[in-house]
Amino acid sequence: MRKTIFIILTAVIIMAFAAWRLSGRDSGLKMAVRGVWAHPGTFGSDQVKAIPLMRKTLDEYVRAGIDTVILLVKGTDGHVYYKSEIGVADPAYNWDFLGAFLKEARARKITVHPWFCVFHETGILGKFRQNPEWLIQGRHREIVGAANPALPEVREYERSLMMEVAKNYPVDWIHLDYIRFPCEPTEPYFSFDPRTRALFKEFSGWDPLDIKAQDSGNMIWNAWLEWNRDRVTQFVAELKDALKTTGRTVKISAAVFLDSDNARVLIGQDWAKWAEQGLVDMLCPMLYTNHEAFFERYVKRAVAAAKGKCQVCAGIGIASSHNQNTPEGMIRQMKIAKDCRADGVIYFSSGSLTAPFLKKLRAAD
């Protein structure tokens with residue numbers, strides 16, 4: 001009898017240990033979100049060829065456990081990739097690229113975040129060609145290809161593009177990228193155009209051109225930094241309020257620079273505050289590196305900064321201007337993100353998420 005009980009207990013322990021090993025392996029990589037940033041160029045502008053490639057790619061993503069695609073619908077040059085009466089469409093895409101992609105994604109239960117490069121306007125198209133004063137101007141009136149978030153009319157225009165998508169397409173998310181001031185040619189780089197100067201003078205009594213000591217010891221310079229930063233936050237808040245008018249829930253995700261403290265000062269991107277105030281539902285810090293200790297450091301900081309107020313999905317660079325990853329490196333970074341209590345990962349980007357990476361993802365699950 002005792003021998004029988006011993007055998008049964010031993011079998012139970014072995015089975016429990018095996019289950020624990022299996023669950024431990026699965027839980028090491030299974031997260032709430034596994035996504036990828038995707039560019040229309042991945043599929044091409046020829047509709048006849050693009051749609052079959054969409055189907056093939058999305059089927060591969062499903063097999064790789066990818067459940068979210070952040071799809072570019074407004075590029076850094078200002079072109080849009082959906083049917084728009086407001087924006088300037090990429091002339092190569094004379095068909096409803098977003099509509100076709102949404103149809104294929106929904107058939108596979110893949111969530112799509114339409115991705116807007118918000119304040120980047122390097123093409124100086126449409127409204128910006130008509131209104132060049134909407135672009136950021138340096139101290140000597142030099143213009144850069146970036147829209148000025150400090151101007152209400154700029155915020156209204158960029159928001160109108162997002163509302164057009166939210167109203168005309170069955171989307172549940174809007175994704176914000178370049179939701180900041182430019183980091184080139186220097187940081188910070190705010191606008192010294194006449195209208196911005198007048199708005200700040202109305203607020204503070206000072207013309208920003210008259211601020212002599214441009215350092216953190218100068219109270220007026222600090223006020224100038226904060227005032228510009230608040231205009232970006234104002235845009236996010238205005239978008240959140242506008243999305244409520246759709247009659248359904250449309251959430252906001254945002255691609256953000258990796259360190260919240262630096263971003264709020266140098267590019268006016270106060271994403272920790274956005275989380276704290278409930279303005280965003282997902283933050284995707286762009287942690288493009290092969291340096292795993294640094295990757296871990298900044299994932300932890302991002303999770304801590306969000307304080308559980310929104311999802312945090314670590315951006316993993318597959319191939320970027322900062323790094324060239326490997327399939328094995330990607331897997332290690334996924335494990336780090338999971339261990340740091342991130343809610344998910346987003347890969348940058350579709351063009352570099354090639355067969356070896358997808359194969360590694362399939363094997364991981």
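Please refer to the structure higher up on the page.
Everything quoted here is computed from the prediction, not taken from an experiment.

Colleague: Is there a simple way to explain the overall build of the chain in this structure?
Modeller: Check the secondary structure of the chain and you find twelve helices and twelve strands. The C-alpha extent of the chain, read off along each of the three principal axes, is 90 × 55 × 40 Å. In the chain, buried positions account for 51% of the 365 residues. Across the chain, the fraction of contacts at a sequence separation of at least 24, relative to all contacts at a separation of at least 6, is 77%.

Colleague: In this structure, what is going on with the environment of Asp-339? I would like to understand it.
Modeller: Of note, Asp-339 is situated in helix α11 (residues 327–339). Look at Asp-339 and you get exposed, because its relative accessible area is 64%. Distance from Asp-339 to Tyr-169, taken between C-alpha atoms, is 36 Å for residues 170 residues apart in sequence.

Colleague: What is the right way to read the nonpolar core from this model?
Modeller: One broad trend across soluble globular proteins is that nonpolar side chains are buried collectively. Formed by 122 residues in total, the largest nonpolar core has its most connected members in Leu-176, Trp-274, Met-330, Tyr-347 and Leu-353. Filtering out sequence-adjacent residues up to four positions away, Leu-353 remains in contact with Val-36, Tyr-61, Ile-66, Ile-318, Met-330, Tyr-347 and Leu-358.

Colleague: Any chance you could explain the packing of helix α2 (residues 47–63) against helix α3 (residues 97–107) here in plain terms?
Modeller: For any two helices packed against each other, one specifies the inter-axial angle together with the distance between the axes. Two elements in contact, α2 and α3, have axes separated by 10 Å at closest approach and are oriented at 35°. When the axes of α2 and α3 are compared, the crossing they make is right-handed. Between α2 and α3, the residues in contact are Ile-51, Met-54, Arg-55 and Leu-58 and Phe-97, Ala-100, Phe-101, Glu-104 and Ala-105, respectively. The residue inventory of the contact of α2 with α3, partitioned by class, reads seven nonpolar, no polar and two charged.

Colleague: Explanation requested: the packing of aromatic side chains in the structure shown.
Modeller: Centre-to-centre distance and the angle between the planes together describe a pair of aromatic rings. Counted according to the given criterion, the structure contains 22 aromatic pairs. Between Trp-95 and Phe-97, the aromatic rings sit 5.6 Å apart at their centres with planes inclined by 65°, giving edge-to-face as the arrangement. Ring geometry for Phe-190 against Trp-224: centres 6.1 Å apart, planes inclined by 80°, an arrangement best described as edge-to-face. Of this pair, Phe-190 sits in the loop between β8 (173–177) and α6 (194–204) while Trp-224 sits in helix α7 (residues 219–243), placing them 34 residues apart in sequence.

Colleague: How do you make sense of the environment of Thr-246 when you look at a structure like this?
Modeller: Its location among the elements puts Thr-246 in the loop between α7 and β9 (251–256). Discounting residues that sit within four places of it in the chain, Thr-246 has contacts with Met-163, Ala-166 and Lys-167. Within the local environment of Thr-246, its side chain forms a polar contact with the backbone oxygen of Leu-243, the two atoms lying 2.7 Å apart.

Colleague: Is there a simple way to explain α11 in this structure?
Modeller: Given 3.6 residues to a turn, an α-helix orients residues that are three or four positions apart in the same direction. Taking 1.5 Å per residue, 13 residues should reach 18 Å; α11 reaches 19 Å between its end C-alpha atoms and fits that length. Residues of α11 that are buried include every one of Pro-327, Gly-329, Met-330, Ile-331, Gln-333, Met-334, Ile-336 and Ala-337, and no others. Buried residues along α11 sit against β1 (33–38), α10 (292–306), β11 (311–317), β12 (344–348) and α12 (355–364). Positioned one or two residues after α11, Arg-341 has a phi angle of 70°, which is positive.

Colleague: What is the right way to read the pattern of salt bridges from this model?
Modeller: Under the defined criterion, the tally for this structure stands at 18 salt bridges. Ionic pairing is found between Lys-74 and Glu-158, a salt bridge with its closest N-O pair at 3.4 Å. Residue Lys-74 is located in strand β2 (residues 68–74), and its partner Glu-158 is located in helix α5 (residues 152–168); the two are separated by 84 residues in the primary sequence. For the pair shown, Lys-74 and Glu-158 are each scored as buried. In this structure, Lys-273 engages Asp-230 in a salt bridge whose closest nitrogen and oxygen atoms are separated by 3.9 Å. Pair noted here: Lys-273 is in helix α9 (residues 271–276) and Asp-230 is in helix α7, with a separation of 43 residues, a long-range link. For Asp-230, a relative accessible area of 22% gives the class partly exposed. If you follow the salt bridges from partner to partner, you end up with Arg-55, Asp-59, Glu-104 and Arg-108 in one network.

Colleague: Looking at this structure, how should I read the packing of α6 against α7?
Modeller: Contact geometry for α6 and α7: axes closest at 11 Å, N-to-C directions at 115°. For the element pair α6 and α7, the recorded crossing hand is right-handed. Seen from α6, the contacting residues are Thr-196, Leu-199, Phe-200 and Phe-203; seen from α7, they are Ile-220, Ala-223, Trp-224 and Trp-227. Looking at the contact of α6 with α7 residue by residue, the classes come out as seven nonpolar, one polar and no charged.

Definitions and limits used
- Residues numbered from 1 in each chain as written.
- Predicted model: local features only at pLDDT ≥ 70, side-chain atom pairs only at ≥ 80, totals over all residues.
- Heavy atoms only, no water.
- Helix = DSSP H or I, 4+ residues; strand = E, 2+ residues; numbered from the N terminus.
- Buried < 20%, exposed > 50% of the residue type's maximum accessible area, 1.4 Å probe, protein only.
- Contact = heavy atoms within 4.5 Å.
- Core = buried A, V, L, I, M, F, W, Y, C linked by side-chain atoms within 4.5 Å.
- Axes fitted to C-alpha atoms, helices over the stretch in contact; angles between N-to-C directions.
- Left-handed = near helix turned anticlockwise from the far one by under 90°.
- Nonpolar A, V, L, I, M, F, W, Y, C, P; charged D, E, K, R; others polar.
- Phe/Tyr/Trp six-rings, centres within 6.5 Å; stacked < 30°, edge-to-face > 60°.
- Polar contact = N/O pair within 3.5 Å; in protein donor to acceptor, adjacent residues only side chain to side chain.
- Expected span 1.5 Å × (residues − 1).
- Salt bridge = Lys/Arg side-chain N within 4 Å of Asp/Glu carboxyl O.

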